[in-house]
Amino acid sequence: MIHLTLIIVDFLTGLLAAGAWALASAGGAIAAAVGGGVLGVSLFRRWRRKP
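Since the structure is predicted, the reported quantities are computational estimates derived from the model, not experimental observations. Per chain, the residues get numbers from 1 upward, laid out in the order the sequence is written. In keeping with the model being predicted, local features are shown solely for residues with a pLDDT of at least 70 and side-chain atom pairs are shown and tallied solely at 80 or more, while totals for entire chains, interfaces and linings include all residues. To get the side-chain values, all heavy atoms of the structure are used, and hydrogens and water are removed first.

Draft legend 1. Quick look at the overall build of the protein chain. Counting from the N terminus, the helices are the DSSP runs of H or I reaching at least four residues and the strands are the DSSP runs of E reaching at least two. Each helix and strand in the protein chain was counted, giving one helix and zero strands. Whereas a compact globule of 51 residues would reach a radius of gyration of roughly 10 Å, the protein chain reaches 22 Å, over 25% beyond that. For the protein chain, the spread of C-alpha atoms along the three principal axes comes to 75 × 5 × 5 Å. With a 1.4 Å probe rolled over the protein chains alone, any residue whose accessible area is under 20% of its type maximum counts as buried; one over 50% counts as exposed, and the rest are partly exposed. When burial is assessed residue by residue, the protein chain has 0% of its 51 residues classed as buried. With residues, only the protein chains shown are counted as cover, and all accessible areas are computed by Shrake-Rupley using a 1.4 Å probe. Accessible surface, the protein chain: about 4800 Å² in total, of which carbon and sulfur atoms supply 77%. Computation of the radius of gyration draws on C-alpha atoms alone. For the globule rule, the value is 2.2 Å times the number of residues to the power 0.38.

Draft legend 2. Layout of the packing of aromatic side chains. Stacked, tilted and edge-to-face pairs are distinguished by plane angle, under 30 degrees for stacked and over 60 for edge-to-face with tilted covering the rest, among Phe, Tyr and Trp rings (Trp via its six-membered ring) whose centres lie within 6.5 Å. This model, assessed by the stated rule, comprises one aromatic pair. With 5.8 Å between their ring centres and 35° between their planes, Phe44 and Trp47 make a pair best called tilted. Here Trp47 and Phe44 lie together in helix α1 (residues 2-49), a separation of three residues that amounts to about one turn. Judged by its relative accessible area of 45%, Phe44 falls in the partly exposed class. Residue class for Trp47 comes out exposed when judged on its relative accessible area of 58%.

Draft legend 3. Spotlight on the environment of Ser42. When you line up the elements, Ser42 lands in helix α1. Here a polar contact means two N or O atoms within 3.5 Å. Within protein one must be a hydrogen donor candidate and the other an acceptor candidate, and residues neighboring in sequence count only if both atoms are side-chain atoms. A polar side-chain atom of Ser42 sits 2.8 Å from the main-chain carbonyl oxygen of Leu39.

Draft legend 4. A look at the environment of Val34. Tracing the backbone shows Val34 in helix α1. Along the primary structure Val34 and Arg48 are separated by 14 residues, whereas in three dimensions their C-alpha atoms are 21 Å apart.

Right under this line is the structure:
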C-alpha cells in the first residue's frame, strides 16, 4: 500500500512540475512576442520620423 501511495505522489509531483514548466515556457514565449512587438513598433516609429 505504501508503494502505491508513493507512486501516486510521484505521479502528481511530476504533473505539477510539468505544468509549471509548460506555464513558464508559454510565459517566456508570450513575453518574447510582446517584447519583439514593442521593439518593432518603436523602431518603425523612429524610422518614420526620419526626414
